[in-house]
Each structure stands twice: as C-alpha cells, then as structure tokens.
Amino acid sequence: MRICRFGQSLLAAAVIAPLSMAQAQQPTIVDLLQRLEQQEQAIKVLERKLELKEEADATAAKSAGQVKASERGFSLQSADGKNQIKLRGVLHVDGRHMISDEVDLPDSFQVTRARPIVEGTVGGIYDFRFTPDFGQDRTVIQDAYVTGRFAPSFAVTAGKFKSPVGLERLQSATDIRFIARAFPTSLAPNRDIGFKFEGNVLDDRLNYALAFVNGSNDGGSSEAFADVDVTSDKEYVARLFAHPFAASDSFGLRGLGFGVAGTYTEHTGTAALPFLPAFRTPAQATFFRYRGGTTPTLADGERTRLAPQFYYYAGRFGLLGEYTEVSQDVSRVATTGLRSDTIDTTAWQLAASFFLTGEEASYRGYKPNSSFSVENGTWGAFELTARYQELEIDDLAFAGGADSFADPDASARKATSYGIGLNWYLSQNLKWVLNYERTSFEGGAAGGADRDDEEAVLTRVAVGF
Amino acid sequence: MTRSNWTRPLAALLLLSAALAAPAIQAQTLLNVSYDPTRELYEDYNAAFAKQWKAKTGKALTVKQSHGGSGKQARTIIDGLPADVATLALGYDIDALVTQGKLLPANWQSRLPHNSSPYTSTVVFVVRKGNPKKIKDWGDLVKPGVSVITPNPKTSGGARWNYLAAYAWALAQPGGNDATAQAFIGKLYKNVPVLDTGARGSTTTFAQRGIGDVAISWENEAFLMLDELGRDKLEIVVPSISILAEPPVAVVDKVALRRGTADLARAYLEYLYSKEAQEIIAKHHYRPRDSEVAAKYASVFPKIKLVTIADFGGWAKAQKQHFGDGGVFDKIYSP
C-alpha cells in the first residue's frame, strides 16, 4: 500500500510535534536549580518557624507560674521562684498507756498537734510563716513571723518564733525521735515574740543567733501570757552553733555539731502570773511545781540560762546531747517575812538513734529508702532509739519547811528517766512511734518519800508534709 | 516594778545590723530594658558610663541589659520587670508605660534633649551580594518571587518603622492614597515568609539562616550585618524614601524611686548626649544628635528623603490606625 506524500508528511508531523513539545517542556538546568533553591528556602523557612516557636514556648514557660504537689507539701510559685506560697501540715495523734497503776494518769488518746502551716517567700528575700495549732482542744498561734534574708550571714526575723536556745526544741516536731521532748527542753524557752538576728559565717561552719524577746517561762511559750507581755522586762538570747568539719573529707567528722546558748532576763511575777515553770514526765505527769496558793513563789529578779549542746550523725547512727542550767531568783512571802533566793535547776539528756534499714540519720529530715507497700513488698524504714535524761532542782527550793519555795511532799527534787523506742517510717510523710519510758524520782511524796516510779508506753501516729 | 533599760542594747543590735548590711548597699545596679538591636551599642556604652561614674562618685556600677522587640519589652515592664530605664524603639512604647503602667509622668519626652532621643536611625534594605533580584526600591518588594524579611509590627518597634516607611512610599506614588497604600502593604506582607518578634531576630533569619532575598532593616542593623557576615555576601540598598526613626529613652520613675536609683538613672541617660557617648553611638551606625560628631561621620550615613511620624499624625494615631487590634495590619495579614 502506498502512502501518499501528504500522508507521510502528516504522519511525520504527528510523531515529531509531540517530541518537540516534550523537549520544549523538559526543565532546563537553570529551572531545576531555581526549583532546588526554592525548596531549600522553603525548608529553611520551616526550620526557622520551628525555631521561633520553640523560643516562644521557652519564654512562655519562664513566665508561667508553677503549681507543685509533693511529699513536701503543696505550693504555688512564680516562674522565677522568687514568690511562692506553701501549704504544709503536721498532725500528731498520741496514745498513752500507763503500766504503773500507782500513777494517777488515765490511759488516753489525744490529738497533740493539728497544725496547718502556711509559709512562703516574697521577692526572693522575705520568708513568712503562720502556724495555728488546734491540738489538745485549744487554738494557739505557734508561729507568726517574717524573716528578711538579706545575706547568708545576716537575716532578721520579727514575730513569734522558736527562741534560739534548746537544741531539741529547735528540731522540728516532725523530726524529733521521741514522742516527748526531753528534760533540757523543759528548761529552755519554746516560742517567744520579738526580734532575732542570725546568720551563717565562716563558710557556713558557724551559725549565730541573737534575739531580743518578751521572755518565756522554762519550757513555755508566750501564749502563756496570751501572747502579750505584761512587763517591760525583756530577755536577751544568744546562741552559737558550729559545724567545724562540715566540709571535711572525713565521713566520721562531717556530722559533728556543737554549740552553746544562753539567756538573761529580769522578771518579777505576780500571784496571777508567777513566771515560774512546772515540770512534767514523758507521760505528761507533773512532778514538780513551785508553791501556789495565797502566798505563791514568784520569779523575782534575774533568770539566766546556759545550754551547751551537741549532735553527731554518721551514717545510720545519730547522737544528740544537751545540758541546760537555769538560775532563777525567786521570792515568797513566808511566815517569817519575805524569803528570796536563787534556785538552780539542771537537766541533761543523751539520745541515740539507729536506722535498721540503712537510712542516713540527720538532725533535720529523713528520707526512707522505701515506703510501706503491701503490693511491692516493701516495709519503709525502721529506727531504734534510746535516751537517758535527768532533771534536778536545787535543794534550796525545798528548804524552809512550810516556807519552802516548793513542797517536798508534792514536788520531786530529781527525776531520772530512760526510754527506748521504735520509729517506723511508713513513708516520707507518715511515721508511727512507739516509746517505753520509765521515770524514777527522788522526793515528791509524803513524808519525804520518793514518788512512785512511772512506767508508760507511748505511741504516736505522725503525719507531716 | 523596775523597768529594765533595754533600749541601749536594742540600739546596739540595730547598729550592728546596719554595719553588716552596709557593704550590700554600696554596689549599685541598673536595669536597662531596650529594644532588640541595641545589644552591642549598650555593651560599649555601659562600660564607658560605668567608668566615668566610678571616677565621678567612687561607686561601682553594674548595668544589666534586657533586649527584645520594643512592644514586647514595654509589655514586660508594665507586667513588673523592674526597669530603671527604658530605651525603646519608639515613643509609643514608652507612652504605654505611662498610660497602662503609670510608671512615669506623661511629660517624659520633654525631660531630655531632642524629645528624649539621643540618636536617630532610618530604614534601608539589605540584599544578597550582587542584588540578584534587582531590588532598587519599595515597589520591587512586592514582585512575585521576591521573599522579604521584616519583623512583626505587633511586637517589634523596628517593624513598625519599616511598615510606615513602606506605607509612605506607597502614598507618595502617583495616585497614591490610603487604599492603594494598604493594598501595597498587603502584597508586601504576602511576600514575608517568617515574622520574627524583633529586629535582631530578623537579622538572624536573613543573615545567618540565609532566608529571604531582601531584609527591611534598621540602618544600624544593616551595617552590622555587613560587618559580621561580610561585605562580600551582602549589600545595602537605599530606598528612595524612608522614615526618620527616633528611638527614645526614659527613666522609669516608679521603679527608680523605689530602688533609690533615680539620680543614677537620670545620669545614665544624660550621658548618652555626651561627646564620648555620641562617638560610641556613631561607631555603632546610629545617627548621632551631636552636630560635631554627626559631621565627622556624615560620609558613613547615606542621604535619604525621610518622612517623620508627624506625617502619620503622631504615634498615637498611627498605632491605632495601623497596629492596634483591628487596625490595618490585622486586616491585611493573616498568618
């Protein structure tokens, strides 16, 4: 079949034209390079936008406040950490079982401490704390103070705070090893109202505290006077506490701390407010008080305290010791006229603790290696404790028969106590304490006899966060 | 009952506390919250001022700096950043400290010479070496395929100057009016692939990340890009029309009075007008106010036809019309 020339031309055109068009549509090297550059730019733009978004997110995170809830409590904190408010709490439910029937104290349970604690920081420098206490069926403001931390070596506190004297008193209620604080704490002031200057110097190896306060009774707080001082007499307080080996490489030396505290005031009591203490056993039985009644014994003059103290912690082992001496001028209207004298009262304690489960002992805080969990088969932490303590009142307090400052038939002149205990830390925030305390006395019973020994089993469930 | 004399021991304790606190009071600090591109300027200026302050008063001084988009910085000060002085990109941002923060008096701008602007600047283009996209003037920025880098006028003071300079060019074209200018601005921002929050961010985007064909930039920032990246990689193109930018400075009275730094802050800003400071300003490619220093550096700064903010009715009007919520920028730009 012959194909005419026209047909051949048409056929050729039909084949060649598309090929030419295809060649014309094929991208040139320049086109490809342009497209590549456009793609590169698009990728760079995406990367930059991601970078800017990450920067914006990081900036937003810096200015966002933080709400935290942990074993240390609940807090609301500004992004820079300079402003925060924390809600913490302490709840102590105690039980007492008297083994010795001779002692007239009932077995009982009580809520000893029920303290919501509000504390915080403003401006990164000013700390505040407010602690009401609803335990023992009363309402007391335990702490209400502001501290300006102007430098590590200088902070000023104003308000109601723990007077810087007793070592065990200064230990937090959640950290003390026994249910009842020891006899030296009965001679040291508890909370008081005034000003305090304190700081750490010498590379944090020495802490100093100077306070100027209303002046609380031995073992007492200012709420004994409804938190309002009724005299113009004030108390001067000073304390030094050293950790000379805090930075030492020696494991055995690092945990040693020791110091001394002292107070001075002049107080004159009245029949309504004698300004004199009473002393109680670990089971909370009163074993000494000054005479009351129509001619009570009153504080009348100077009161000085001296309290050397130490602690030592190494690994699982802890040891705390303190000695406190109070020298108190007293007077009483006696049958022979006004009697005055200076009564010296001394107390000391040595308390040891040992973590059976390997935790590290310390003065402040504890962290169990595990929590009690039936599911996980873990038991928390166990700690053995032992303590020996004595308190002795000057014989001068009992001299003078009916004119004595204290009744020897009702008040013991010496109490000696030993206690052993087991602390079970179910978690960072919950512990159960079991103490056995035995206290014996010299004097304190009719005819100059010794008051009956006291044996008690004390228990506490403690929640703290 | 005998009153015990406790006032003397209390006085002694107070004196002791004052003595312990005294060293902490001696050292002074100042916080200068500034806009984005002034980092290098204030690094040199602060060193010079601190030196002369020490020589004059014997007191050591540390000046802390904060930099960011001018609008953002103003917001941060209003929200509580304790700036002793604010050195921002435009007067409106300092006015915001007055109206929204009540941090300084309304007459702040009259407290220092030249409306509290110790230097001026303007807006130019930076392009790749050889100017491959043939950018000569504002009109070239809206051509298809041209990628423009400029910051976000909602946060950046420099971006607002850029925007107004572009708007001024559009108004100056034959038949130019608000409608044509807004249409031009709309096309311009369609060519902007990334909106940084501040001028320094845009510099990073263009110069270091290599994004875009042209950056609309503070004049001083343009020179900085050439100095740092190299004149073999970038070049400056001067548009036919631009805007006279007058970045102002002010003491933030409420903060300075509370911190006890009012005198120091005032001295810090007054020194910006000194010969030494004006030299530093010129060296960092800002146009100095001092006539002698300006004459010395005249050859560095190109001559450009400049509009001013007064041509837009002032900052309050310009902010409301263009950059406020629901303003022109909100209408023409969507991310």
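Here is what the cut-offs are and how they apply
- Residues numbered from 1 in each chain as written.
- Chains lettered and ligands numbered in written order.
- Predicted model: local features only at pLDDT ≥ 70, side-chain atom pairs only at ≥ 80, totals over all residues.
- Helix = DSSP H or I, 4+ residues; strand = E, 2+ residues; numbered from the N terminus.
- Buried ≥ 20, exposed ≤ 12 C-beta atoms within 10 Å, placed from the backbone.
- Contact = placed C-beta atoms within 7 Å.
- Pairing = 2+ DSSP bridges.
- Axes fitted to C-alpha atoms, helices over the stretch in contact; angles between N-to-C directions.
- Parallel < 35°, antiparallel > 145°, perpendicular 65-115°, else oblique.
- Left-handed = near helix turned anticlockwise from the far one by under 90°.
- Expected span 1.5 Å × (residues − 1).
- Arc of directions from axis to C-beta.
- pLDDT = per-residue confidence, 0-100.
- Nonpolar A, V, L, I, M, F, W, Y, C, P; charged D, E, K, R; others polar.

Quick notes on the overall build of chain A
Consideration 1: Helix and strand content of chain A: 5 helices and 22 strands.
Consideration 2: Counting the 465 residues in chain A, one finds 32% classified as buried.
Consideration 3: A separation threshold of at least 6 residues defines the contact pool for chain A, and within that pool the share at least 24 residues apart is 62%.

Looking at the overall build of chain B
Consideration 1: Per the secondary structure count, chain B includes 15 helices and 12 strands.
Consideration 2: Counting across all 335 residues of chain B, residues that qualify as buried make up 44%.
Consideration 3: Contacts in chain B between residues far apart in sequence, at least 24 positions, make up 73% of those at least 6 positions apart.

Considering the sheet that holds strand β2 (residues 61-68) of chain B
All names here are of chain B.
Consideration 1: Sheet architecture is open: 4 strands sit in the order β2-β1-β3-β10, paired in mixed fashion. This sheet does not close on itself; its edge strands, each paired only once, are β2 and β10 (249-251). For this sheet, the mean angle separating the axes of adjacent strands, direction not counted, is 20°.
Consideration 2: Sheet topology places strand β1 (residues 28-35) next to β2; 8 bridges connect them, and they run parallel. Looking at β2, one finds that Asn-32 is bridged to Gln-65.
Consideration 3: Sitting on the sheet, helix α11 (residues 262-270) is in contact with β1, β3 (85-87) and β10, with an inclination near 165° to β10.

Description of the sheet that holds strand β7 (residues 214-218) of chain B
All names here are of chain B.
Consideration 1: Taken in spatial order, the 4 strands line up as β6-β7-β5-β8 in an open sheet, and their pairing is mixed. Two strands close off the open sheet at either side, each with one partner strand: β6 (148-149) and β8 (234-237).
Consideration 2: Strand direction decides the pairing type here: β6 and β7, joined by 2 bridges, are parallel. Residue Ile-149 lies in a different strand from β7, and its bridge partner there is Ala-215.
Consideration 3: Packing against the sheet, helix α9 (residues 219-229) makes contact with β5 (123-128), β7 and β8, and its axis sits at approximately 120° to β7.

Considerations on the packing of helix α3 (residues 70-78) of chain B against helix α4 (residues 91-99) of chain B
All names here are of chain B.
Consideration 1: Running from amino to carboxyl end, α3 crosses α4 at an angle of 15°, the nearest separation of the two axes being 9 Å. The angle between the axes of α3 and α4 places the two elements in the roughly parallel class. Seen along the crossing, α3 lies across α4 with a hand that is right-handed. Residue-level contacts link Ser-70, Gly-71, Ala-74, Ile-77 and Ile-78 of α3 to Asp-93, Ala-96 and Leu-97 of α4.

Quick look at helix α2 (residues 39-57) of chain B
Residue and element names in this part refer to chain B.
Consideration 1: Relative to the 27 Å expected for 19 residues at 1.5 Å per residue, α2 spans 26 Å between its end C-alpha atoms, a close match to the ideal helical length.
Consideration 2: Of all the residues in α2, the buried ones are Leu-41, Tyr-45, Phe-49 and Trp-53. Relative to the axis of α2, the buried residues are bounded by an arc of 70° and lie together on one face. Among the exposed residues of α2, those pointing more than 90 degrees away from its buried face are Ala-47, Lys-51, Lys-54 and Ala-55.
Consideration 3: Buried residues in α2 make contact with β2, α11 and α12 (275-283).
Consideration 4: Where α2 terminates, the next one or two residues include Gly-58, which has phi positive at roughly 80°.

Some words on the environment of Gln-136 of chain A
Residue and element names in this part refer to chain A.
Consideration 1: For Gln-136, the position within the fold is in the loop between β5 (126-133) and β6 (140-151).
Consideration 2: Its 13 C-beta neighbours within 10 Å are what place Gln-136 among the partly exposed residues.
Consideration 3: The sequence separation of Gln-136 and Thr-112 amounts to 24 residues, and the corresponding C-alpha distance is 5.2 Å.
Consideration 4: Non-local contacts of Gln-136, meaning those with residues more than four positions away in its chain, are made with Gln-110 and Thr-112.

Re α9 of chain B
Residue and element names in this part refer to chain B.
Consideration 1: Of the positions making up α9, those classed as buried are Glu-219, Asn-220, Glu-221, Ala-222, Leu-224 and Met-225.
Consideration 2: Summarising the contacts, the buried residues of α9 are in contact with β5, α8 (199-208), β7 and β8.
Consideration 3: Immediately beyond the C-terminal end of α9, within one or two residues, lies Gly-230, with a positive phi of roughly 115°.

Comments concerning the environment of Thr-157 of chain A
Residue and element names in this part refer to chain A.
Consideration 1: Inspection of the secondary structure puts Thr-157 in strand β7 (residues 154-162).
Consideration 2: For Thr-157 and Ala-211, which are 54 residues apart along the polypeptide, the C-alpha to C-alpha distance reads 9.0 Å.
Consideration 3: Look past the residues within four positions of Thr-157 in its chain and what remains in contact with it is Tyr-145, Thr-147, Phe-195 and Lys-196.

What to know about unusual backbone geometry
Consideration 1: Phi at Asp-204 of chain A takes a positive value of approximately 65°, unusual for a residue other than glycine.
Consideration 2: With phi around 60°, Ser-116 of chain B is a residue other than glycine that occupies positive phi space.
Consideration 3: Within the element layout of this structure, Ser-116 of chain B appears in helix α5 (residues 113-116).
Consideration 4: On the basis of neighbour count, Ser-116 of chain B is assigned to the buried category, with 21 C-beta atoms found within 10 Å.

A few points about the pairing of β5 of chain A
Residue and element names in this part refer to chain A.
Consideration 1: Pairing of strand β4 (residues 108-122) with β5 involves 5 bridges; the strand directions are antiparallel. Paired with Val-122 across the bridge in β5 is Tyr-126.
Consideration 2: Linking β4 to β5, which pair antiparallel, is a turn of 3 residues; within it Gly-123 sits at a positive phi near 65°.
Consideration 3: Sheet analysis places β5 next to β6, joined by 8 bridges and oriented antiparallel. Of the residues in β6, the one forming a bridge with Thr-131 is Asp-143.
Consideration 4: Hairpin connection from β5 to β6: 6 residues lie between these consecutive antiparallel strands, with Gln-136 at a positive phi of about 55°.

So, the pairing of strand β8 (residues 191-201) of chain A
Residues and elements named next belong to chain A.
Consideration 1: With 8 bridges joining them, β7 and β8 adopt antiparallel strand pairing. Its bridge partner being in β8, Lys-160 is matched across the sheet by Ile-193.
Consideration 2: Where β8 and strand β9 (residues 206-213) come together, 8 bridges link them in antiparallel fashion. Looking across to β9, one finds that Lys-196 is bridged to Ala-211.

A short note on the confidence of the model for chain A
Consideration 1: Mean pLDDT over chain A stands at 91; residues scoring 70 or higher make up 93%.
Consideration 2: Looking across chain A, the model is least confident in helix α1 (residues 5-25) of chain A, with a mean pLDDT of 61, and most confident in strand β19 (residues 381-393) of chain A, with 98.

As for the packing of α8 of chain B against α9 of chain B
Residue and element names in this part refer to chain B.
Consideration 1: It is at 11 Å that the axes of α8 and α9 come closest, and there the two elements cross at 40°. Considering the angle they form, α8 stands oblique to α9. In this structure, the crossing between α8 and α9 has a hand that is right-handed. In contact with Ala-199, Thr-203 and Ala-207 of α8, α9 contributes Glu-221, Met-225 and Leu-229.
Consideration 2: Looking at the contact of α8 with α9 residue by residue, the class counts come to 4 nonpolar, 1 polar and 1 charged.

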